[in-house]
Amino acid sequence: MASVSEAVVVPGAEVWNVDCSMPRMGGRTTWTGVIVSLALVASTRDAFAQQEVGHKTLGTLGLRAGSQPEPGVYMTDRVLHYSATTLRDRNGEAIPVGLDAKVLASAVGIGATVELPLRSTFVNVGLGIPMARSTVNTKQPEASIDRFGLGDIYAQPLGLGWRSKQIDVVVSYAVYLPTGSFEPEGSASISRGYVTHQFAAGSTLYFDAARSWHLSALASFDENLRKPRIDLRRGSTIQVQGGFGTSPLRIFDIGLAAYGIWQVEDDDGSALPPQLRGARDRAYGVGPEFAVVIPPIRCKFTLRYEHDFAVQARPEGQIFVVGLSTTLWRPPRAQ
């Protein structure tokens, strides 16, 4: 059986156990009045729409995954903690390697949305830069890692969105650029060391005119390029992230978030160990999400927790995400 040398996750990269050829890889009235006032002040039509800083990591999008943001410039900081103690094989059986994987990561990003003269059509761009600390321990000390550094940079040069009274639609292209190289003899880099092209499409359906009940999803296709200096390529994947929820008082967002990932192409390359040939990732996850808009400081605060199930060929873990999005600028509303 191969070692667990690449069972790590960083913002902009999924958990993936692939490079196992080397052993080491590194008063009530008062509060009611406050809440109602906030609801009246809030720009609530799409105040919850999520700003992108990269979403290859499962669980980084949720209830508003397919929503179109309002025009403006936004800054986002997303902190996540991931942990896993079980590694699953291609049949979903636990592999007794004594896995203890933990990741603490933060991704800071900036995004902008412009509304085109064509009514209800929007252009979205974004940039995300992640930092992470990743540790993986197993029964084999030589297979353990401890890494800290800059993760792969997320850039979305083009995204388009359309919005009507009860539905949003978004499409986008993004690329993940490595900040470090993969070294066959081992590396302390957090970066995956290869380029990923990501094509995404999604939508949010609102069940009432007030847009207070909503179902949202964003599907992404990730095409991974070959690693430089080593004949190894991660197979393409399809993932879906989203959720179902409600927005009481139009300043809160509460619901159930979920995700799924399916590897649709085998890993390949001469450096891929025989034991891993034909093994394809699959995982699902679900958990609660809560968000609140704070109009006086033009911020949105998000909490999300999700746990994996029905996992194959990857670690089974859980993720906790804290996000803060700030509106830096928003164009004046037309009178």
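Residues numbered from 1 in each chain as written. Predicted model: local features only at pLDDT ≥ 70, side-chain atom pairs only at ≥ 80, totals over all residues. Heavy atoms only, no water.

1. Regarding the overall build of the chain
What counts here: Put simply, DSSP marks the helices as runs of H or I at least four residues long and the strands as runs of E at least two long, and each gets a number from the N terminus on. Only protein chains enter the accessibility calculation, which uses a 1.4 Å probe. A residue is then buried if its area is under 20% of the maximum for its type, exposed if over 50%, and partly exposed in between. For every accessible area listed, the method is Shrake-Rupley and the probe measures 1.4 Å; residues are considered covered only by the protein chains on display.
Within the chain, the secondary structure is distributed over one helix and 14 strands. A total of 335 residues make up the chain; the buried ones form 53% of that total. Surface exposure of the chain reaches about 14,200 Å², of which carbon and sulfur atoms provide 66%.

2. Side note on the environment of Ser236
Going by this rule: We call two residues in contact when some of their heavy atoms are within 4.5 Å. Polar contact criterion, stated in full: a pair of N or O atoms within 3.5 Å, where within protein one must be able to donate a hydrogen and the other to accept it, and residues adjacent in sequence count only if both atoms are side-chain atoms.
Its place among the elements puts Ser236 in the loop between strand E9 (213-224) and strand E10 (237-246). For the pair Ser236 and Asp266, spaced 30 residues apart in sequence, the C-alpha separation works out to 7.6 Å. Once residues within four sequence positions are removed from consideration, Ser236 is found in contact with Phe221, Asp222, Glu223, Asn224, Trp262, Gln263, Val264 and Glu265. For Ser236, the side chain forms a polar contact with the side chain of Glu223, separated by 2.6 Å. Here the side chain of Ser236 touches Glu265 through a polar contact of 2.8 Å, side chain to side chain.

3. Things to note about the side chain of Arg304
With respect to the secondary-structure elements, Arg304 resides in strand E13 (residues 299-312). A relative accessible area of 4% places Arg304 in the buried class. A polar contact of 3.5 Å, which involves the side chain of Arg304, links it to the backbone oxygen of Thr60.

4. Some thoughts on the nonpolar core
Under the convention used in this document: To qualify as a nonpolar core, a set must consist of buried Ala, Val, Leu, Ile, Met, Phe, Trp, Tyr and Cys residues joined through side-chain atoms within 4.5 Å.
Counting residues in hydrophobic clusters, the biggest one holds 16 residues, and the most contacted among them are Leu80, Tyr82 and Leu99. Counting only elements with at least two residues in this core, the list comes to strand E1 (72-88), strand E3 (100-115), strand E4 (121-137) and strand E14 (314-329).

5. Considerations on the pattern of salt bridges
Going by this rule: Salt bridge, as used here: a side-chain nitrogen of Lys or Arg that lies within 4 Å of a carboxyl oxygen of Asp or Glu.
Tallied over the full model, the rule gives 15 salt bridges. Linking Arg64 and Asp253 is a salt bridge whose minimum nitrogen-to-oxygen distance equals 3.0 Å. With Arg64 in the loop between helix H1 (28-41) and E1 and Asp253 in strand E11 (residues 252-263), this residue pair connects regions lying 189 residues apart in the sequence. Among the ionic pairs, Glu316 bridges to Arg88, the shortest N-O distance being 2.9 Å. Here Glu316 is found in strand E14, whereas its partner Arg88 is found in strand E1, with 228 residues between them in sequence. The class for Arg88 is partly exposed, based on a relative accessible area of 21%. Each of Glu223, Arg226, Asp231, Arg233, Glu265 and Asp268 takes part in a single network of salt bridges with overlapping partners.

6. Notes on unusual backbone geometry
The phi angle at Arg250 is positive, at roughly 65°, despite the residue not being glycine. The topology assignment puts Arg250 in the loop between E10 and E11. Despite not being glycine, Ala310 has its phi angle at roughly 50°, a positive value. Tracing the sequence through the fold places Ala310 in strand E13. Look at Ala310 and you get partly exposed, because its relative accessible area is 34%.

7. Thoughts on a nonpolar patch on the surface
To keep it simple, the criterion reads: For patch detection, residues must exceed 30% relative accessible area and be free of salt bridges, and they are connected within 9 Å for like charges or within 5 Å for nonpolar side chains (Val, Leu, Ile, Met, Phe, Trp, Tyr).
A cluster of nonpolar side chains, Met75, Val108, Ile110, Leu127, Ile129, Met131, Phe148, Leu150, Leu328 and Trp329, forms an exposed patch at the surface whose accessible area comes to about 880 Å². Among the elements of the structure, E3, E4, strand E5 (145-150) and E14 are those that each provide at least two residues to the nonpolar patch. Residue contributions to the nonpolar patch peak at three residues, all from E4. For Met131, the location among the structural elements is in strand E4.

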